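# Notes for the structure review
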Amino acid sequence: MTIGSRPAPFGRRAATVTARETYGAYVVLRCHDPGGPQPRAGQFYMLAAAERWGGGEAERPFLPRAFSVLRALERDLHFLLEDVGPGTSRLTELAPGEDLLLVGPLGNGFTGPREGRTPLLVGGGVGVAPLAIWQDQLGRAARALLGFRDRVHADGAALLHDPTIATDDGSVGYHGLVTDLLGEELDVRADQIEVYACGPPAMLEAVRAMCAERAVPGQLALESGMACGFGACFGCVVPTVHGYIRLCLEGPVLDAQVLPTAAIVGAGH
Ligand SMILES: Cc1cc2nc3c(=O)[nH]c(=O)nc-3n(C[C@H](O)[C@H](O)[C@H](O)COP(=O)(O)OP(=O)(O)OC[C@H]3O[C@@H](n4cnc5c(N)ncnc54)[C@H](O)[C@@H]3O)c2cc1C
Ligand code: FES
């Protein structure tokens with residue numbers, strides 16, 4: 001079956017949780033997905049718990065929720081979760097041996113840097129997830145600048161190799177915004193960098209504007225509300241300079257140049 005010109009995604013399947021780890025405010029779930037396609041960095045999965053997914057008596061079952069793949073190692077998929085509501089709350093309590101239901105990998109991921117440029121990864125909060133698998137693929141020399149609210153969230157920085165850290169409250173690393181660190185880099189070597197960013201809407205809008213000002217190529221992993229994840233519901237549309245697109249199909253990674261001013265803040269939560 002196809003939707004538009006796209007093949008239907010690999011079907012929904014059960015994947016057993018093999019490990020649950022905490023990194024400060026975050027939970028990493030690992031699950032075994034022996035038959036699924038290998039994901040690319042920046043792609044995502046729609047996840048649901050196999051049991052008690054809002055389906056108790058008199059409860060309405062939840063829709064699945066979207067999560068970037070954090071890492072893919074030896075047929076195990078890793079996901080980084082922040083508990084922000086009922087869906088993430090249920091997922092973060094899953095224990096080894098329990099089943100996740102997943103659909104994916106979905107969407108378009110990152111592509112390699114343009115000739116003559118080196119990658120610079122810029123992440124904020126739970127947005128570090130797609131940058132970890134991207135650094136795995138690019139190699140450890142790929143530099144990462146990561147921003148977090150405070151010390152307990154900054155524990156998530158351990159998921160990448162040798163990052164430079166900024167915190168809003170100054171409890172770890174540079175006291176200020178990760179985009180301050182990006183500005184310092186761009187002041188010195190704007191002509192040598194390609195920026196890869198994922199984070200909250202305000203951070204991504206700042207990154208987009210900084211790249212536009214200095215004509216630096218950037219690839220931004222965006223979020224929007226997603227009900228299906230594969231093009232059927234039109235719940236995830238975002239504006240671009242070429243018109244509206246479904247982020248689950250054309251993204252979630254978009255070239256910074258296609259995003260109009262302030263479109264990201266409007267599309268985010
Ligand atoms: C492509 C993609 C990749 C993502 N990757 C991750 C990830 O790696 N780790 C992670 O923890 N979260 C990720 N998210 C966000 C995650 O999907 C939401 O946090 C989750 O759906 C919230 O569900 P909930 O039931 O816990 O909370 P809800 O009660 O549904 O929402 C809590 C808050 O988050 C907002 N929200 C809910 N869903 C989304 C969404 N899809 N986009 C933007 N805002 C939303 C709501 O408006 C509300 O303010 C990703 C989202 C997308 C679209
Ligand atoms: S999430 Fe349904 S069309 Fe994108």
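Looking now at the overall build of the protein. Helices and strands together make up the secondary structure of the protein, namely 7 helices and 18 strands. Against the 2.2 N^0.38 benchmark of 18 Å for 269 residues, the protein shows a C-alpha radius of gyration of 18 Å, consistent with a compact globule. With respect to the principal axes defined by its C-alpha atoms, the protein has extents near 55 × 45 × 35 Å. Taking all 269 residues of the protein together, the buried fraction comes to 45%.

Entries for the protein in the domain assignment read domain 1 (2–106) and domain 2 (118–267). A straight line from the C-alpha centre of domain 1 to that of domain 2 covers 22 Å. Opposite the 23 residues of domain 1 that make contact, domain 2 presents 26 residues. Class assignment of the residues belonging to the side of domain 1 that touches domain 2 gives a composition of 16 nonpolar, 4 polar and 3 charged.

Take unusual backbone geometry next. Cis peptide bonds are those with omega within 30 degrees of zero, and the linkage from G104 to P105 qualifies with 5°. Along the chain, P105 falls in strand β9 (residues 99–106). A cis amide bond, omega 10°, links G251 with the succeeding residue P252. When you line up the elements, P252 lands in the loop between α6 (247–250) and β18 (253–255). Positive phi is not limited to glycine here, since E74 has a value of about 50°. Structurally, the position occupied by E74 is in the loop between β7 (71–73) and β8 (76–81). Classification of E74 as exposed rests on a count of 6 C-beta atoms within 10 Å. Its identity is not glycine, yet D162 carries a phi of approximately 50°, on the positive side. Looking at the element boundaries, D162 is found in the loop between α3 (151–154) and β12 (164–167).

Moving on, we come to the sheet that holds strand β10 (residues 118–124). In a beta sheet, neighbouring strands are held together by backbone hydrogen bonds and run either parallel or antiparallel to one another. The strand order across the open sheet built from 7 strands is β13-β12-β11-β10-β14-β15-β18, with neighbouring strands paired in mixed fashion. Every other strand in the sheet has two partners, leaving β13 (174–175) and β18 as the edge strands with one partner each. Strands β10, β11 (143–148), β14 (193–198) and β15 (218–221) of the sheet are contacted by helix α2 (residues 129–138), whose axis makes an angle of about 160° with β10. Together, β10, β11, β12, β13 and β14 form the strand contacts of helix α4 (residues 178–189), whose direction differs from that of β11 by roughly 150°.

With 14 residues, helix α5 (residues 201–214) extends 20 Å between its outermost C-alpha atoms, agreeing within 8% with the 20 Å of an ideal straight helix rising 1.5 Å per residue. Backbone geometry just downstream of α5 places A215 in the positive-phi region, at approximately 55°.

Here we take up the nonpolar core. Core analysis: the biggest nonpolar cluster contains 79 residues, and F79, V122 and V207 have the highest contact counts within it. Two domains share this core, each providing at least three of its residues, namely domain 1 (2–106) and domain 2 (118–267). In contact with V122, other than residues within four places in its own chain, are L145, V178, L182, V195, Y196, A197 and V207.

Right, let's get into the environment of M203. For M203, the position within the fold is in helix α5. Each residue touching M203, except ones within four places of it in the same chain, is listed here: G124, G147, V178 and T179.

Next up on the list: the packing of α4 against α5. Two elements in contact, α4 and α5, have axes whose closest approach is 10 Å; the angle formed by their N-to-C orientations is 15°. Judged by the angle between their axes, α4 and α5 are roughly parallel. The handedness of the crossing between α4 and α5 comes out as right-handed. Facing V178, T179, L182, G183 and L186 of α4, the residues of α5 in contact are M203, A206, V207, M210 and R214. Tallied by class, residues from the contact of α4 with α5 come to 7 nonpolar, 2 polar and 1 charged.

What follows covers the sheet that holds β8. Read across the sheet, 7 strands follow the order β6-β5-β9-β3-β4-β8-β7 without closing on themselves; strand pairing throughout is antiparallel. The open sheet is flanked by β6 (65–68) and β7, the only strands paired with a single partner. Between one strand axis and the next, the sheet turns by 35° as a mean value, whatever way the strands run. As defined by bridge partners, β7 adjoins β8 across 3 bridges and the pair is classed as antiparallel. Bridge assignment links A72 to a residue of β8, and that residue is L77. Its contacts with the sheet place α2 against β6, β7 and β8, and it is angled at close to 45° to β7.

Rules used throughout
- Residues numbered from 1 in each chain as written.
- Chains lettered and ligands numbered in written order.
- Predicted model: local features only at pLDDT ≥ 70, side-chain atom pairs only at ≥ 80, totals over all residues.
- Helix = DSSP H or I, 4+ residues; strand = E, 2+ residues; numbered from the N terminus.
- Rg over C-alpha atoms; globule rule 2.2 N^0.38 Å.
- Buried ≥ 20, exposed ≤ 12 C-beta atoms within 10 Å, placed from the backbone.
- Domains from an automatic or database assignment.
- Contact = placed C-beta atoms within 7 Å.
- Nonpolar A, V, L, I, M, F, W, Y, C, P; charged D, E, K, R; others polar.
- Pairing = 2+ DSSP bridges.
- Axes fitted to C-alpha atoms, helices over the stretch in contact; angles between N-to-C directions.
- Expected span 1.5 Å × (residues − 1).
- Core = buried A, V, L, I, M, F, W, Y, C linked by C-beta atoms within 7 Å.
- Parallel < 35°, antiparallel > 145°, perpendicular 65-115°, else oblique.
- Left-handed = near helix turned anticlockwise from the far one by under 90°.

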